[in-house]
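Secondary and tertiary structure notes
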Amino acid sequence: MRAIVHDRFGPAEVLHLAEVPLPVVRPTDLLVRVGAAGVNRADILQRDGFYAGQHFGESDLLGLELAGDVVATGADVTNFAPGDRVMAIVGGGAYAEYARVDRSMAVRIPDDLSINDAAAIMESFVTAVEAIHHLAGLRKGRSVLIHAAAGGIGSACVQLAAALGLKVLATCSADRAEDVRRIGANIVFDRRSGDWQNGVHAACDQGVDAVIDFVGGAFLGPNLRCLRPGGTLVQVGILSGEAEAAIPLNLLLHNHLRIQGTVMKSRTAEEKRAMVRRFEEVAMPLFRQGRLRPLVHAVLPLTAAAEAHRMMERGGILGKIILITSET
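Report on the accompanying structure. (Residues numbered from 1 in each chain as written. Predicted model: local features only at pLDDT ≥ 70, side-chain atom pairs only at ≥ 80, totals over all residues. Heavy atoms only, no water.)

Looking at the environment of alanine 94
Mapped onto the fold, alanine 94 is located in the loop between strand S5 (85–89) and strand S6 (98–102). Judged by its relative accessible area of 1%, alanine 94 falls in the buried class. Discounting residues that sit within four places of it in the chain, alanine 94 has contacts with Val34, Ala37, Leu62, Gly63, Leu64, Glu65 and Leu66. (Helix = DSSP H or I, 4+ residues; strand = E, 2+ residues; numbered from the N terminus. Buried < 20%, exposed > 50% of the residue type's maximum accessible area, 1.4 Å probe, protein only. Contact = heavy atoms within 4.5 Å.)

In structure tokens, the structure reads:
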């Protein structure tokens, strides 16, 4: 089969199409003909060598989410059959014509969703459920500040928070502010203005119940100052590239704050299965009701994987970039 590979770490240009072996299906696996795959920031980090050669999964190929048709099943699989349309989380390998999928990380695609739209769901919305519903424990009537709210996962967090009845505050670039309002944010701040901390306290006197942050670095202190006593900061990414940051410990202690880190790529298979189960319970009913929808910024052929990475690196996107295999 054909897949995107990289023979060395480096810029987007290292990505190219090559012939690779077909995945071997184990008793609890599905073999899926990939129709479309989502592009994620973790793919860029892996390509750059950020993980030092570790892929934290079952394939060293790029790609953590996909949508497609089941073409074969392992001997122990009873919940899926050839011909089923599925969207799934994978431990690498989505940038390919076929991928091996753990049966517990696959979800049936609703009839009214296309394969391309389905490819924009799993990584973003599984993470959103994990951050907002599971780790922050937010329920109707609570408040949340979401940074990088126009990105793939950030926009999913905004949609989910609004659907759950939360008061949603968000930061993004000024040119995406109206888009972020349209998908559910009550108040949007320009992330470059530097005064979003004051804006949060003007909108929520004691601060918000939780902050979902993808930026890191210098955002850490202001994030903690935006939390009400007992609040939670869920750190999902480090878009700033700044892994080191000073923690105002007096504030952390006095206000009984909690900092929770999470990333899907390094989770164990069983932890990922549990995340997918929570996604099915919390988010799938909202998709069926039309209260959540995938946001696709661009659809490119698999052969244009390098351009897809460059597009993500340039920023300014709303939602997800999708790679499709039909034009390879």
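Picking up after the structure, the text goes on.
Digging into the layout of surface pockets
Empty space within the largest pocket amounts to approximately 1300 Å³. The wall of the largest pocket is formed by 45 residues, among which Arg41, Phe214, Gly237, Ile238 and Leu239 lie closest to the centre. Looking at the lining of the largest pocket, the elements with two or more residues in it are helix H1 (41–48), helix H3 (122–135), helix H4 (152–163) and helix H11 (305–314). Class assignment of the residues belonging to the lining of the largest pocket gives a composition of 21 nonpolar, 14 polar and ten charged. For the second largest pocket, the calculated volume is near 390 Å³. If you go around the second largest pocket, you meet 26 residues; those closest to its centre are Glu58, Ser59, Gly91, Gly92 and Arg100. Mapped by element, the contributors of at least two residues to the lining of the second largest pocket are S6 and helix H9 (269–282). Counting residues per element, the lining of the second largest pocket draws most heavily on S6, at five residues. (1 Å grid on protein atoms, 1.4 Å probe; cavity = no way out; pocket = protein on both sides within 12 Å on 5 of 7 lines; lining within 4 Å. Points joined across faces, edges and corners; volume = space filled by probe spheres on them. Nonpolar A, V, L, I, M, F, W, Y, C, P; charged D, E, K, R; others polar.)

Let's talk about the pattern of salt bridges
The tally for this structure, following the rule as stated, stands at 20 salt bridges. Note that glutamate 65 and lysine 320 form a salt bridge whose closest N and O atoms lie 2.2 Å from each other. Here lysine 320 lies in strand S15 (residues 320–324) and glutamate 65 lies in strand S4 (residues 65–73), a separation of 255 residues in the sequence. Taken as a pair, glutamate 65 and lysine 320 share a single burial class, namely buried. (Salt bridge = Lys/Arg side-chain N within 4 Å of Asp/Glu carboxyl O.)

Regarding helix H6 (residues 196–203)
Residues Trp196, Gly199 and Val200 constitute the buried set of H6. Each buried residue of H6 lies within a common arc of 100° when the element is viewed along its axis, so the set occupies one face. Residues of H6 that are exposed and point more than 90 degrees away from the buried face comprise Asn198 and Ala202. On the buried face of H6, the contacting elements are strand S8 (143–146), strand S9 (167–172), strand S10 (187–190), strand S11 (208–213) and helix H7 (220–225). (Arc of directions from axis to C-beta.)

Topic: the packing of H1 against H11
Orientation of H1 relative to H11, taken along the N-to-C sense of each, is 110°, at an axis distance of 10 Å. When the interaxial angle is binned, H1 and H11 end up roughly perpendicular. Across the interface between the two elements, Arg41, Asp43, Ile44 and Arg47 from H1 touch His309, Met312 and Glu313 from H11. Considering only residue class, the contact of H1 with H11 consists of two nonpolar, one polar and four charged. (Axes fitted to C-alpha atoms, helices over the stretch in contact; angles between N-to-C directions. Parallel < 35°, antiparallel > 145°, perpendicular 65-115°, else oblique.)

Some details on the packing of aromatic side chains
The geometry of an aromatic ring pair is captured by two quantities: the separation of the ring centres and the angle between the planes. Inspection of the entire model under this criterion finds four aromatic pairs. On the basis of an interplanar angle of 85° and a centroid distance of 5.4 Å, the ring pair of phenylalanine 50 and tyrosine 51 is categorised as edge-to-face. Given a relative accessible area of 57%, phenylalanine 50 falls into the exposed group. Aromatic rings pair up to connect Phe125, Phe279 and Phe287 into one cluster. (Phe/Tyr/Trp six-rings, centres within 6.5 Å; stacked < 30°, edge-to-face > 60°.)

A closer look at the sheet that holds strand S13 (residues 258–261)
Here we have six strands laid out as an open sheet, ordered S10-S9-S8-S11-S12-S13, and parallel in their pairing. Looking at strand neighbours, the two that pair on one side only are S10 and S13, the edges of this open sheet. Averaged over all neighbouring strand pairs, the angle between strand axes comes to 15°, with direction disregarded. Of the pairings in the sheet, the one linking strand S12 (residues 227–235) to S13 comprises four bridges and is parallel in character. Bridge pairing in S13 links glutamine 235 to glycine 261. In the packing of H6 onto the sheet, contacts are made with S8, S9, S10 and S11, and the angle to S10 comes to roughly 160°. (Pairing = 2+ DSSP bridges.)

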